[in-house]
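# Report on the structure
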Amino acid sequence: PMILSNGQLHRHLSRRKKTMFPTLLLTERPDRVAYNLAQGKIAIVMQGNAFVLLLPSVFYDFMASMDDLYHTYWTSRFIVILRYLGLFITITLPSLYVVSTAYNPELFRVQLALTIAGSRISVPYPAFIEVFLMLLMMEFLTEASLRLPKMIGSTATTVGGLILGQAATEAALVSNIMVILIAAVAISNFVIPINAMGFAMRGVKYLLLFISTLFGMIGFI
């Protein structure tokens, strides 16, 4: 087949053609390429293409940023911990909300459990539908921000998200806590420095949400 970019070459070099996770690192930063070459890795360069393919790659490579090398030791470690914390939040928070509201409300303190129950008292459908609809709207806003022109993309999605969240809560379609949860999930997903891994984690949270909806805390664990 005709290969026009290193992205296509990445797909052909992967053992599993339909895997969700990236197995090779694709970058356009010269300092990352030089650093990985110094670490003993292989760089594949294609003429006329700005991206370079680095192999072999492990999970940590997709969570590391080259800016970590330019900070002090404890500053870079703190930023890395923040990334993994954001990764944990974006994957588990929607599922944990469904598990705690539908199956195990005793996980929270009484005051917090009553606050969540009070905010959902007017919502007409189960927590899973509520979470799924809001996650879907978040995905639409994210894709719209990528497709719209840069001059209006961020403004349109920000205003759209504010209007959507306020209108949904006033219409009692979602709870106030759900809007806060979705905002936390959306922000946490963008702390992943490599887009390919960020896209994969966006799919993982739906898989975990589906399993948690069927099996509760056992499925979540």
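All of the points below concern the structure found in this document. Everything numeric in this text was worked out from a predicted model, so none of it was measured.

Looking only at helices and strands, the protein chain has ten helices and three strands in total. When the helices and strands of the protein chain are placed in sequence order, the string is α-β-α-β-β-α-α-α-α-α-α-α-α. For the C-alpha atoms alone, the extent of the protein chain along its principal axes is close to 60 × 40 × 35 Å. Relative to all contacts within the protein chain whose residues are 6 or more apart in sequence, the contacts with residues 24 or more apart total 68%. Just so you have it, the protein chain exposes about 13500 Å², and 70% of that area is on carbon and sulfur atoms. Between the averaged position of the 16 positive side-chain charges in the protein chain and that of its 10 negative side-chain charges there is a distance of 9 Å.

Adjacent strands of a sheet form backbone hydrogen bonds with each other and so pair up, either parallel or antiparallel. Spatial strand order, S1-S3-S2: three strands in an open sheet with antiparallel pairing. Since the sheet does not close on itself, it has two edges, and those belong to strand S1 (25-27) and strand S2 (42-45), each with one partner. Strand-to-strand, the axes of this sheet are offset by a mean angle of 25 degrees, without reference to chain direction. Sheet analysis places S2 next to strand S3 (residues 52-55), joined by four bridges and oriented antiparallel. In the sheet register, Ile44 faces S3, and the bridge partner there is Leu53. Sheet strands touched by helix H1 (residues 6-13): S1, S2 and S3. Its angle to S3, the strand with the most contacts, is close to 30 degrees. Against the sheet, helix H2 (residues 30-38) contacts S1, S2 and S3, and its axis sits at roughly 25 degrees relative to S3.

Inspection of every chain in the model, using the stated rule, returns one cavity of 30 Å³ or more. Empty space within the largest cavity amounts to approximately 60 Å³. Residue lining of the largest cavity: Met138, Glu139, Thr142, Val185, Ala186, Asn189, Phe190, Arg202 and Lys205, and that is the complete set. A per-class count over the lining of the largest cavity returns four nonpolar, two polar and three charged.

Right, let's talk about the pairing of S3 for a bit. The pairing of S1 with S3 spans three bridges and is antiparallel. Paired with Thr27 across the two strands is Val52, which belongs to S3. In this structure, the hairpin formed by S2 and S3 is closed by a connection of six residues, where Gly48 is found at a positive phi of approximately 85 degrees.

Take the side chain of Arg202 next. Residue position: Arg202 is located in helix H9 (residues 195-215). We classify Arg202 as buried; its relative accessible area is 12%. With residues near it in sequence (within four places) discarded, Arg202 still touches Glu139, Thr142, Glu143 and Asn189.

On to the packing of helix H6 (residues 127-147) against helix H8 (residues 176-189). Contact geometry of H6 with H8 gives a least axis separation of 10 Å together with a crossing angle of 45 degrees. Taken together, the axis directions place H6 and H8 in an arrangement best described as oblique. Two packed elements cross with a definite hand, and for H6 against H8 that hand is right-handed. In this structure, H6 uses Glu130, Val131, Met134, Leu135 and Met138 to contact H8, whose residues at the interface are Met178, Ile182, Val185 and Ala186. For the contact of H6 with H8, a count of residues per class yields eight nonpolar, no polar and one charged.

Calculation rules
Residues numbered from 1 in each chain as written. Predicted model: local features only at pLDDT ≥ 70, side-chain atom pairs only at ≥ 80, totals over all residues. Heavy atoms only, no water. Helix = DSSP H or I, 4+ residues; strand = E, 2+ residues; numbered from the N terminus. Contact = heavy atoms within 4.5 Å. Areas by Shrake-Rupley, 256 points an atom, 1.4 Å probe, with all protein chains shown as cover. Lys, Arg positive; Asp, Glu negative; His and termini not counted. Charge placed at Lys NZ, Arg CZ, Asp CG, Glu CD. Pairing = 2+ DSSP bridges. Axes fitted to C-alpha atoms, helices over the stretch in contact; angles between N-to-C directions. 1 Å grid on protein atoms, 1.4 Å probe; cavity = no way out; pocket = protein on both sides within 12 Å on 5 of 7 lines; lining within 4 Å. Points joined across faces, edges and corners; volume = space filled by probe spheres on them. Nonpolar A, V, L, I, M, F, W, Y, C, P; charged D, E, K, R; others polar. Buried < 20%, exposed > 50% of the residue type's maximum accessible area, 1.4 Å probe, protein only. Parallel < 35°, antiparallel > 145°, perpendicular 65-115°, else oblique. Left-handed = near helix turned anticlockwise from the far one by under 90°.

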